[in-house]
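Chain and residue survey
Chain by chain, the residues:
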Amino acid sequence: HVGQHILKSMRGVPETSARESVSGSYPCGTCGGTCSIAIKNKKADSACPSAYPFMITTAKKFLPTRPCTNVPVVCAMHDCKQIYWKYNSKQHMSERHPGWKKLGFLQKN
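Predicted model only: the values in this text are computed from it and were never measured.

**What to know about the overall build of the protein chain**
- When helices and strands are tallied, the protein chain shows three helices and four strands.
- When the helices and strands of the protein chain are listed from N to C terminus, the series reads α-β-β-α-β-β-α.
- Split into buried and exposed, the 109 residues of the protein chain put 31% on the buried side.
- Just so you have it, the protein chain exposes about 7500 Å², and 54% of that area is on carbon and sulfur atoms.

Given below as structure tokens:
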């Protein structure tokens, strides 16, 4: 559910239904705030007050009843291994790996 608010925020679409604003920097996929995320035993692990345990492999599969695929991911760049929410991929790549577009990385997303 929060994924739609994050995507609207990223694109500058005015939000009238969100209870709280979405963080402009690496928003949490659970609450939209600034909570950190980790992956432990193939499950999302966060100190977010709205967090709940879920299997990442299950959550990343698109279903009409669960269209959001914003899941924690590990950076694929050599020696980075930072974990962030999938919808924050472009921000992560731009800030941490300048020149990533030249490599063609994430062009399909």
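**Here's the deal with the environment of Cys31**
- When you line up the elements, Cys31 lands in the loop between α1 (2-10) and β1 (38-40).
- A relative accessible area of 32% places Cys31 in the partly exposed class.
- Setting aside residues up to four positions removed in sequence, Cys31 forms contacts with Val2, Cys48 and Ser50.

**Notes on the side chain of Thr30**
- Tracing the backbone shows Thr30 in the loop between α1 and β1.
- Judged by its relative accessible area of 15%, Thr30 falls in the buried class.
- Setting aside its immediate chain neighbours within four residues, Thr30 contacts Val2, Cys48, Ser50, Ala51, Tyr52 and Trp85.

**Side note on the packing of aromatic side chains**
- Applying the stated criterion across every chain yields a total of two aromatic pairs.
- When the ring of Tyr52 is compared with that of Phe54, the centres are 5.5 Å apart and the planes differ by 45°; the resulting orientation is tilted.
- Between Phe54 and Trp85, the ring centres sit 6.4 Å apart and the planes meet at 35°, which makes this aromatic pair tilted. A residue pair is termed long-range when its members are at least 10 positions apart, and Phe54 in the loop between β2 (43-45) and α2 (56-59) and Trp85 in strand β4 (residues 83-85) qualify at 31 residues. Here Phe54 matches Trp85 in class, with each residue buried.
- Feature note: the residues Tyr52, Phe54 and Trp85 constitute an aromatic cluster, connected by ring pairs.

**Focus on the confidence of the model for the protein chain**
- Here the protein chain averages 83 in pLDDT, and 85% of its residues register 70 or above.
- α1 is the least confidently modelled element of the protein chain, averaging 71 in pLDDT, while β4 averages 95, the highest of any element.

**A look at the state of the cysteines**
- Taken as a whole and assessed by the stated rule, the structure comprises zero disulfides.
- Looking at the unpaired Cys28, the closest cysteine sulfur is the one in Cys48, lying at 3.9 Å.
- Free of any disulfide, Cys48 has its nearest neighbouring cysteine sulfur in Cys31, separated by 3.6 Å.
- Classification of Cys48 as buried rests on a relative accessible area of 5%.

**With respect to the environment of Asp45**
- By the element assignment, Asp45 lies in strand β2.
- Look at Asp45 and you get partly exposed, because its relative accessible area is 32%.
- For the pair formed by Asp45 and Pro72, sequence separation is 27 residues and the distance between their alpha carbons is 9.1 Å.
- For Asp45, the contacting residues outside a window of four places in its chain are Ile37, Ala38 and Lys40.
- Side chain to side chain, Asp45 and Lys40 meet in a polar contact 3.2 Å long.

What counts, and at which threshold
- Residues numbered from 1 in each chain as written.
- Predicted model: local features only at pLDDT ≥ 70, side-chain atom pairs only at ≥ 80, totals over all residues.
- Heavy atoms only, no water.
- Helix = DSSP H or I, 4+ residues; strand = E, 2+ residues; numbered from the N terminus.
- Buried < 20%, exposed > 50% of the residue type's maximum accessible area, 1.4 Å probe, protein only.
- Areas by Shrake-Rupley, 256 points an atom, 1.4 Å probe, with all protein chains shown as cover.
- Contact = heavy atoms within 4.5 Å.
- Phe/Tyr/Trp six-rings, centres within 6.5 Å; stacked < 30°, edge-to-face > 60°.
- pLDDT = per-residue confidence, 0-100.
- Disulfide = S-S within 2.5 Å.
- Polar contact = N/O pair within 3.5 Å; in protein donor to acceptor, adjacent residues only side chain to side chain.

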